[in-house]
Amino acid sequence: MTSSATDSSTVDRWWRTAVVYQVYIRSFADGNGDGTGDIAGLRSRLPFLRDLGVDAIWINPWYRSPLADGGYDVADYRDIDPQYGTLDQAEALITEAHEHGIKVIGDLVPNHTSDQHVWFAEAVAAPIGDPSRERYHIRPGTGPDGAEPPTDWRSVFGGPAWTRLDDGEWYLHLFAPEQPDLNWDHPEVRSEFCDVLRFWMERDLDGFRVDVAHGLVKDPTFPDANEAQRLLAGSEGRENHPFWDRDGIHPIVREWRAVLDEYPGGRMLVAEAWVPRPERLALYLRPDEYHQSFNFNLLEAAWEAGDYRRIIAETLEVQGGVGAAPTWVMSNHDVVRHPTRLGLPNGTDWRAWLLDGDRSILDAEAGLARARAATMLTLALPGGTYLYQGEELGLPEVHDLPTDVLDDPVWERSDHQAKGRDGCRVPLPWTTDGPSFGFGDAEPWLPMPDSFGPLSVDAQRGDSDSTLTLYTEALRVRREHLVTDEALTWLDLGDDVLAFERGSGVRCVVNFGTEPIALDGEVLLASGPLTADGGLPTDTTVWLG
Ligand code: NOJ
């Protein structure tokens, strides 16, 4: 390990307390007027991100791609998709972001390539048994004439995880058929991704979010999984699962970590690992593996103090045990936005609700209040926080997108059993009017509802009660008072209240109950109005000095 991995300076370990803003580039800002967000649009909005006060941005895949799964189907890992711009523009973006004091994290997609990747084209064109096929999982079928897939594995997007080639063999795709899974036992696959990492480190990227970090390695004996279809869901935490969270993943991560450690300046890797058992997740965070992992447990939690407290305590204990700094995530491009999720009664399966649930059970006002409270809670915790574009505007899920505009492969692949993730990917509104609310000059790739105008950046800027102002203030106060040592002391203010004090002496209090609670101390910031006599109302968070 070189000095950057062991260096304890906060400069090199910036990610331990960073607020990282996720840019879903397709929907952030359209600079060239084709209806799709791009690098030019992102560059023009960097001052907005600087003023918001984020430490870093994570950009979803921007590589050359047929966009069968929003860019998570990469045809060339060393080039930018023409829809998004050019490699020169990407390099300029990284430089400009750095000038604004913003780090830039890319998105590495190692579990699968696009079916348009040169390796897959070569494999498919080659005869059965050709070595070029070994970079993927291409196998004979079972049953008479091999007409049945090699195993019973199901794709995360629905249907079998195997598709048959014209010559009769089958290839594995844990996601869409356009995303063939790579064989990580193959030395060329291993060395290729180390080279890809170097390519981007040399272009000054500050790190990578790693897609499907828990899926790379498959059981080489290819046993049946014997499990039901679990749409859009990862590992249930079952031991020795044939394709999730296998021990063979860790040596691969160590290779990547060694590559990153060749570069100065605190380059980092954050794992997208849907691994529910905290002690298994902690293995990814050992000192020579990932720097961080997303922690999706709060995102799945019911809105109640006990659940939140249990998850936070467990995360701090287990991740602290391996010396990792935790992360907190409430929204991303794969889940129902948190103002909507938290507006549903506890226990609602929000994925199912999105498809055909009763819309009248949604309390949008309470959802937004809870979302603001939840975000302030996560920003007060030790560790880093990931924000998803648009949450600083309080954007809700667009749950009524007509089915004929849906782009997520999940909709078709699941036989319309899951509506997919388009409702959280609708382009951002920048201005109160105009055909796409300032997103760009052309019809946006997904329709934007009229309700987005009053939620736009222009509408919220300068409004002291707006969600944009809350986020901006929260990041400012956090920098001043909450980027501190990693201590947290729980305070007991009753069962329905979550309260703790940080090393700086700042207290965070969240009222999950139905009655206001009395406060003492100076109010630094509150997620909503206090009561007339200074009490903390339901669904509200306050930071006290
Ligand atoms: C996780 C990504 O976040 C998601 O958007 C994508 O569909 C899958 N991985 C497959 O790459």
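Values in this document were obtained by computation on a predicted structure and should not be read as measured data.

Some details on the overall build of the protein chain
For step 1, the next point in the chain: Check the secondary structure of the protein chain and you find 15 helices and 18 strands.
For step 2, the next point in the chain: In summary, the protein chain has a C-alpha radius of gyration of 23 Å against a globular reference of 24 Å for 545 residues, a match within 12%.
For step 3, the next point in the chain: The C-alpha extent of the protein chain, read off along each of the three principal axes, is 80 × 50 × 45 Å.
For step 4, the next point in the chain: Counting every position in the protein chain, which comprises 545 residues, the buried fraction comes to 58%.

Brief notes about helix 6 (residues 187–202)
For step 1, the next point in the chain: The end-to-end C-alpha separation of helix 6 is 23 Å, in line with the 22 Å expected for 16 residues at 1.5 Å each.
For step 2, the next point in the chain: Three or more residues of helix 6 are buried, namely Val189, Glu192, Phe193, Cys194, Val196, Leu197, Phe199, Trp200 and Met201.
For step 3, the next point in the chain: Following helix 6 by one or two positions, aspartate 204 adopts a phi angle in the positive range, close to 75°.

Brief notes about the pattern of salt bridges
For step 1, the next point in the chain: Per the stated rule, a full pass over the model turns up 39 salt bridges.
For step 2, the next point in the chain: Arginine 43 serves as the salt-bridge partner of glutamate 96, at 2.8 Å between the closest nitrogen and oxygen. Taken together, the positions of glutamate 96 in helix 4 (residues 87–99) and arginine 43 in helix 2 (residues 39–44) put the pair 53 residues apart, joining distant regions of the chain.
For step 3, the next point in the chain: Assessed through its relative accessible area of 23%, glutamate 96 is described here as partly exposed.
For step 4, the next point in the chain: Residue classification places arginine 43 among the partly exposed positions, given a relative accessible area of 26%.
For step 5, the next point in the chain: The salt bridge involving arginine 421 is made with aspartate 334; its shortest N-O contact spans 3.1 Å. Remark: aspartate 334 occurs in the loop between strand 12 (327–329) and helix 10 (338–341) and arginine 421 occurs in the loop between helix 13 (409–413) and helix 14 (457–460); sequence separation between them is 87 residues. Aspartate 334 matches arginine 421 in its accessibility class, with the two residues each being buried.

Concerning the site of the ligand
For step 1, the next point in the chain: The local shell around the ligand holds 14 residues, among which Asp69, Arg209, Asp211, His333 and Asp334 are the closest.
For step 2, the next point in the chain: Take aspartate 69: an N or O atom from its side chain is 2.6 Å from an oxygen atom of the ligand.
For step 3, the next point in the chain: Between histidine 333 and the ligand, the recorded distance is 2.8 Å, taken from a side-chain N or O atom to an oxygen atom.
For step 4, the next point in the chain: Expressed as a share of its isolated accessible area of 300 Å², the protein-covered part of the ligand is 97%.
For step 5, the next point in the chain: In the shell around the ligand, the residues fall into four nonpolar, three polar and seven charged.

Calculation rules
- Residues numbered from 1 in each chain as written.
- Predicted model: local features only at pLDDT ≥ 70, side-chain atom pairs only at ≥ 80, totals over all residues.
- Heavy atoms only, no water.
- Helix = DSSP H or I, 4+ residues; strand = E, 2+ residues; numbered from the N terminus.
- Rg over C-alpha atoms; globule rule 2.2 N^0.38 Å.
- Buried < 20%, exposed > 50% of the residue type's maximum accessible area, 1.4 Å probe, protein only.
- Expected span 1.5 Å × (residues − 1).
- Salt bridge = Lys/Arg side-chain N within 4 Å of Asp/Glu carboxyl O.
- Near = heavy atom within 4 Å.
- Polar contact = N/O pair within 3.5 Å; in protein donor to acceptor, adjacent residues only side chain to side chain.
- Areas by Shrake-Rupley, 256 points an atom, 1.4 Å probe, with all protein chains shown as cover.
- Nonpolar A, V, L, I, M, F, W, Y, C, P; charged D, E, K, R; others polar.

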